[in-house]
Amino acid sequence: MIRVRFAPSPTGYLHIGSARTFIFNWLFARRNGGTMILRIDDTDLERNTEESLQSIRDGLKWLGLGWDERYRQSERLDLHRAMAQDILAKGLAYRDFTPLLSGGGTMNASVAEKFNPDYRQLGTEESDRRASAGEAFVIRYRVPRGTGKSVRFTDLVYGEQEKALDDIEDFALLRSNGAPTYHLASCADDADLRISHIIRGQDHLTNTFKHLLVFRAAGVEPPQFAHLPLLLAPDGSKLSKRNHGIAVSIKTYEDKGIIREAFINFMCLLGWSPKDDREVLSLKELEELFSFKGVNRSNAIVNFTAQLPLDAKAVALNAEHLRLLTVEDLAARLLPFARQDWPEARLEKILQITPLIRERIKLLQGIQSAGDFFFAAELAPYESSELIPKKGDAALALRVLQQARETLATADFTHDGLDAALRGAAETLGIKAGQMFEPIRVAACGRKTAPPLFGTLEVLGRETCLKRIGQAITKLQTETTI
RNA sequence: GGCGCUAUCGUCUAACGGUUAGGACAGAGCCCUCUCAAGGCUUAAAUACGGGUUCGAUUCCCGUUAGCGCUACCA
């Protein structure tokens, strides 16, 4: 029975690296008919925040993948303490009475000792006496010393792993305030929840040796491990909130208008490959293709910039996924972005615009710059020189617009009707179609780059088109010399 | 400092020990075209360095260098 878990600790907003870990766990579970478990690892009472928990909830909700079971570590403290006591009772751990230093320990990592012999060798009676006298202590795992032995396991991604016992310090299981450490709580819960595969970031690769010792001490069969390469910033440093800001938050992707399908696709391509040349993959395809054989071992850089906090490849994949949506689906997702700029925007209008802009936007946010003239009552100011077509002058522009006003007053206001009418008008004037269309486009949209003309005019409607052309004519007459 | 992991175009990546080292994004150019896109075509761009093993190393081994991780009563 395959059981996997995603275990975030609520000490910051949902990081894209965490999101990727969730995705890989989910994919592995779904691929193999397993169970996906969400476990909030909130044993660090000092650093947990409600905002962080909410950010994780929001992020996972946006991802939309879901889970089958859900737990909170802070509700399972008895289980953790019981395991610590069990290990202590077996003599595999001991009490360390070293006082907790304010400021966080000795800070001299370069000469860090693996253990303090004073307490490691303290007799059981003496230890019990001091504990019952109320002296504070931390429970440490007693790593066997001088045996020449090592701990080993086979990682599903990194292969054979081995570490000498003598290189592992006597790590803490239970803090002096009675709270379990991450190592203890994690192992106790993984054992209790019968987790079969632990899929997590490579930053835990060396912690795994400790975890194996805990599982062994508790007398439980350890799960399988699969570690994932880490995500790095463009300069090769670890992704961090402090140094990279919003670029590490999943919310940034949502806010910019990356759709979940594209985000999941992009995350999978960071550190995993289907091994053929396919890159645009649906969730269903990812589910069918995912395996640890495709996960590679070197860290991947998320190539965001100061201008755009998203990797250009994520944006490109998003553009592909946008085109895969139906018009109705895309329009519905575009609506909230349109309403950020035009609160009155209606779905009906967006449905008309969507086919015109779907191949011209890469992010949902793109509707704000690509579709402004559809929503704005009055066009943003533009230079009258914009109205003048290539190889033409103001006089030509004026003639074109006057002809257009006449033609459009009676033309059939459909794509094909406008096509025929405006090409006919160009012929009447004896000019190229392009020269005819350009002034009309600028008059209608307020700029030279816009969606194809006929569809655009159709959506704008006769009234708006005539009004804007009239304004352009006035503009030409007052701002240029003809 | 100790221990561990990793190293292919700028970035993400592919390549049973035998390939002109492939694809994608980003870049450049051309075509198409009512502008912009989209699409098509073309182009530039990589095996960190040094030793082995082998008829033959991107691939296996060792070393160097670099990056990352762990080395907390954080996770």
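(A) Quick peek at the sheet that holds strand E5 (residues 138–141). One open sheet accounts for 3 strands, arranged E4-E5-E8; its pairing is antiparallel. Either end of the sheet is taken by a strand with one partner, and the two such strands are strand E4 (93–96) and strand E8 (172–174). On average, each strand axis in the sheet is inclined to that of its neighbour by 40°, with strand direction left out of account. Of the strand pairs in this sheet, E5 and E8 are connected by 2 bridges, and their pairing is antiparallel. From the neighbouring strand, isoleucine 139 faces E8, where its bridge partner is leucine 174.

(B) Quick peek at helix H14 (residues 347–357). Those residues of H14 not exposed but buried are Ile350, Ile353, Thr354, Leu356 and Ile357. End-on, the buried residues of H14 take up no more than an arc of 165°, which puts them together on one face. Those residues of H14 that are buried are in contact with helix H13 (327–341), helix H15 (367–370), helix H16 (372–375) and helix H20 (453–460).

(C) Just the nonpolar core, in detail. Among the nonpolar cores identified, the biggest contains 145 residues, and Ile23, Leu63, Tyr253, Phe263, Met436 and Ile440 are the most heavily contacted of them. The leading source of residues in this core is helix H1 (residues 16–31), at 9 residues. Once residues lying within four places of it in the same chain are set aside, the contact partners of isoleucine 23 are Leu63, Leu65, Phe263, Ile264, Met267 and Cys268.

(D) Focus on the domain arrangement of chain A. Looking at chain A, the domain boundaries give domain 1 (3–74 + 229–316), domain 2 (76–228), domain 3 (325–375) and domain 4 (384–479). The distance between the C-alpha centroids of domain 2 and domain 3 comes to 54 Å.

(E) Molecular detail of the pairing of strand E7 (residues 159–164). The pairing of strand E6 (residues 150–155) with E7 spans 6 bridges and is classified as antiparallel. What sits directly across from threonine 154, in E7, is glutamate 160. Joining the antiparallel neighbours E6 and E7 is a turn of 3 residues.

(F) Structural view of the side chain of arginine 130. The residue arginine 130 is located in helix H5 (residues 124–132) in this model. Note on arginine 130: relative accessible area 16%, which makes it buried. For arginine 130, the residues in contact, after removing those within four places along its chain, are Phe97, Tyr119, Leu122 and Glu135.

(G) Spotlight on the packing of helix H17 (residues 394–410) against helix H18 (residues 415–429). Between H17 and H18, the least distance of the axes is 10 Å, while the angle of their chain directions is 140°. Between H17 and H18, the angle is such that the two are oblique. Considering the relative orientation of H17 and H18, their crossing is right-handed. Here Arg399, Val400, Gln403, Thr407 and Leu408 of H17 lie close against H18, whose contacting residues are Leu418, Ala421, Leu422, Ala425, Thr428 and Leu429. Its residues assigned to classes, the contact of H17 with H18 shows 7 nonpolar, 3 polar and 1 charged.

Criteria and cut-off values
- Counting of residues starts from 1 at the beginning of each chain's written sequence and follows it residue by residue.
- Here chains are named by letter from A upward and ligands by number from 1 upward, in the order in which they appear as written.
- In keeping with the model being predicted, local features are shown solely for residues with a pLDDT of at least 70 and side-chain atom pairs are shown and tallied solely at 80 or more, while totals for entire chains, interfaces and linings include all residues.
- Calculated side-chain values reflect all of the structure's heavy atoms, with hydrogen atoms and water omitted.
- Pairs of strands are assigned from DSSP output, requiring at least two bridges between the strands.
- Secondary structure elements are taken from DSSP: a helix is a run of H or I of four residues or more, a strand is a run of E of two residues or more, and numbering for both begins at the N terminus.
- Axis definition: a line fit to C-alpha positions, over the contact stretch in the case of helices; interaxial angles, taken between N-to-C directions, run 0 to 180 degrees.
- Any residue under 20% of the maximum accessible area for its type is buried, any over 50% is exposed, and the rest in between are partly exposed; the area is computed with a 1.4 Å probe on protein chains only.
- Each direction from the helix axis to a C-beta atom contributes to the arc, which is the arc of those directions.
- Contact definition: two residues touch when any of their heavy atoms are within 4.5 Å.
- Take the buried residues of types Ala, Val, Leu, Ile, Met, Phe, Trp, Tyr and Cys, join any two whose side-chain atoms come within 4.5 Å, and each joined set is a nonpolar core.
- Annotation comment: domain bounds sourced from an automatic or database domain assignment.
- We call two directions roughly parallel when the angle between them is under 35 degrees, roughly antiparallel when it is over 145, roughly perpendicular when it lies between 65 and 115, and oblique otherwise.
- Handedness of each helix crossing follows the sense of rotation of the near helix against the far helix: counterclockwise by less than a right angle gives left-handed, clockwise gives right-handed.
- Gly falls in the polar group here, along with every residue not listed as nonpolar (Ala, Val, Leu, Ile, Met, Phe, Trp, Tyr, Cys, Pro) or charged (Asp, Glu, Lys, Arg).

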